[in-house]
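Structural overview for review
Residues per chain, in single letters:
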Amino acid sequence: MWPDHAIWWHLYPLGFTGAEPAAVPGVVHRLPRLENWLDYAIDLGCSGLLLGPVFASETHGYDTVDHFRIDPRLGDDADFDRLIAAAHARGLRVALDGVFNHVARSFTHPEWFRGGDTFEGHEHLVALDHGNPEVAQYVGDVLRYWNNRGVDAWRLDAAYAVPPEFWRTVLPRDRDVWYFGEVIHRDYTAYVEKSGLDSVTQYELWKAIWSSLNDRNFFELSYALGRHNALLDAFVPQTFVGNHDVTRLATRLSDERHLGHALAILFAVGGVPSVYAGDEQAFRGLKEERAGGDDAIRPAFPSDPDELAPYGWPTYRLHQELIGVRRRHPWLVRARTTVEHLTNETIALRSTHGDEWVLVLLNVSDQDQQFPLADTPVVPANGWQFLTSS
């Protein structure tokens, strides 16, 4: 299965290309700018392009007005087809962001609204009635339409707010397309089993990674990894340390020396990992709960990678190194991880497959540490080591 080998480069097209914050008359052909970044993603080690919303919307893309039309701020059908072709020519899979829980108030079928329900208090986002057969037919038609245009995978936005049985009804299974849902706080395994989705987002592990590093409390990470192992018995979670909805990792961490620790965890444990565009360059950005509070984490990028600031490239090379290990050990996608040593400030994580293993030693103390494991090096203060059997 190709998703077992997927490593996604995740970007938010409206912000990435510097599109206007709200819909404007006419078409602006911005999608072709993404083609300048495809080789950059491949050089990073990624095998897929995970796109944020690209459909016609009022503002930020999550207030869709027409799921069958490319947002005119990004371009048109020809631009989209060209991007798909350019990605596929390089061996990159393409995933789209499907926003089917809610739509803009100006959506063309107000009779499909679920009463006056809004999405999480946002007055301009209206929930769809997922018990309406016409809504199910529409969503299935949208998915099939874009699948036929070459889409390989879907991120289903706010899946946690959609009855899981709805997805089992509407998901097309006539192509080898991978579907994963945005699920934050609920029983991940039960949602996957009831919905028929292939995967869901692993927010619990995301939180445990940065929180354990900031609090110097690896017991939280150990607990989360136990739960993560249990998920792998049922499905392979979609893992990440950053995305378009959360504060940038480099900003979230209270000690910038621990950035490598977070990445080492991400690429050593089971899951289908993604890298949020800019995190591989140590971009900073604070998510705020206010109007425009996402702007800092969804910035415009230059026209091509050569225009990036020089200070981010060491972090890019670190990503390359760790993704390279991941790709040389593809079995890690389903690997269970055991904790072989644990204190508040040190942890040893071993992921195994037969005779092969990957061992990560993490130290967030202010002293060098010799782990009580055979043939392991001293780990410097606030340092880490990534060891492999081959």
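Residues numbered from 1 in each chain as written. Predicted model: local features only at pLDDT ≥ 70, side-chain atom pairs only at ≥ 80, totals over all residues. Heavy atoms only, no water.

Some remarks on the overall build of the chain
- When helices and strands are tallied, the chain shows eleven helices and 19 strands.
- For the chain, the C-alpha radius of gyration of 21 Å lies close to 21 Å, the compact-globule estimate for 390 residues.
- In terms of principal-axis extent, the alpha carbons of the chain reach across some 65 × 45 × 40 Å.
- Counting every position in the chain, which comprises 390 residues, the buried fraction comes to 59%.
- Partitioning the contacts of the chain with sequence separation of at least 6, the portion at a separation of at least 24 is 69%.
- For the chain, the computed accessible surface area is about 15100 Å², with 50% contributed by carbon and sulfur atoms.
- Charge centroids of the chain, computed over 34 positive and 54 negative side chains, lie 1 Å from each other. (Helix = DSSP H or I, 4+ residues; strand = E, 2+ residues; numbered from the N terminus. Rg over C-alpha atoms; globule rule 2.2 N^0.38 Å. Buried < 20%, exposed > 50% of the residue type's maximum accessible area, 1.4 Å probe, protein only. Contact = heavy atoms within 4.5 Å. Areas by Shrake-Rupley, 256 points an atom, 1.4 Å probe, with all protein chains shown as cover. Lys, Arg positive; Asp, Glu negative; His and termini not counted. Charge placed at Lys NZ, Arg CZ, Asp CG, Glu CD.)

Structural notes on the packing of aromatic side chains
- Summed over all chains, the structure comprises 29 aromatic pairs.
- Centre to centre, the rings of F68 and Y138 are 5.7 Å apart; their planes meet at 85°, and the pair counts as edge-to-face. A residue pair is termed long-range when its members are at least 10 positions apart, and F68 in strand 4 (residues 64-70) and Y138 in helix 4 (residues 133-148) qualify at 70 residues.
- Y138 gets classed as buried once you look at its relative accessible area, which sits at 12%. (Phe/Tyr/Trp six-rings, centres within 6.5 Å; stacked < 30°, edge-to-face > 60°.)

What about the pattern of salt bridges?
- Inspection of every chain in the model, using the stated rule, returns 30 salt bridges.
- The partner of E35 in a salt bridge is R82, and the shortest N-O contact between them spans 2.8 Å. Taken together, the residues span a long stretch of sequence, with E35 in the loop between helix 1 (13-16) and helix 2 (38-44) and R82 in helix 3 (residues 77-89) at a distance of 47 residues.
- A residue is classified by how much of its surface remains accessible, and E35, at 16% relative accessible area, is buried.
- Each member of the salt-bridge network shares a partner with another, and the members are D97, R155, D157, E182, D245, K287, D294 and R298. (Salt bridge = Lys/Arg side-chain N within 4 Å of Asp/Glu carboxyl O.)

Observations concerning the packing of helix 7 (residues 203-215) against helix 8 (residues 218-232)
- As a packed pair, helix 7 and helix 8 sit with axes 8 Å apart at the nearest point and diverge in direction by 165°. For the element pair helix 7 / helix 8, the angle class is roughly antiparallel. Helix 8 is crossed by helix 7, and the crossing has left-handed handedness. Residue-level inspection shows E204, L205, K207, A208, I209, S211, S212, L213 and D215 of helix 7 in contact with helix 8, the latter providing F218, E220, L221, A224, L225, R227 and H228.
- Grouping the constituent residues of the contact of helix 7 with helix 8 by class yields eight nonpolar, three polar and five charged. (Axes fitted to C-alpha atoms, helices over the stretch in contact; angles between N-to-C directions. Parallel < 35°, antiparallel > 145°, perpendicular 65-115°, else oblique. Left-handed = near helix turned anticlockwise from the far one by under 90°. Nonpolar A, V, L, I, M, F, W, Y, C, P; charged D, E, K, R; others polar.)

Thoughts on the side chain of S199
- Mapped onto the secondary structure, S199 falls in strand 11 (residues 199-200).
- Judged by relative accessible area, S199 falls into the buried class, the value being 0%.
- One polar contact links the side chain of S199 to the main-chain carbonyl oxygen of V236, over a distance of 2.6 Å.
- A distance of 3.1 Å separates a polar atom in the side chain of S199 from the backbone nitrogen of Q238.
- Those residues within four positions of S199 in sequence are excluded, and the remaining contacts are W178, Y179, F180, G181, V192, F235, V236, P237 and Q238. (Polar contact = N/O pair within 3.5 Å; in protein donor to acceptor, adjacent residues only side chain to side chain.)

Topic: the UniProt feature "domain: Glycosyl hydrolase family 13 catalytic" (unreviewed entry) in the chain
- Cross-referencing UniProt, the feature "domain: Glycosyl hydrolase family 13 catalytic" (unreviewed entry) maps to residues 10-326 in the present numbering.
- Helix makes up 35% of residues 10-326 and strand 18%, and the two end C-alpha atoms of the span are 18 Å apart. (UniProt positions renumbered as here; feature names shortened; annotations may be inferred.)

Details of the environment of L266
- Positionally, L266 belongs in helix 10 (residues 259-268).
- Residues L266 and V151, spaced 115 residues apart in sequence, show a C-alpha to C-alpha distance of 26 Å.

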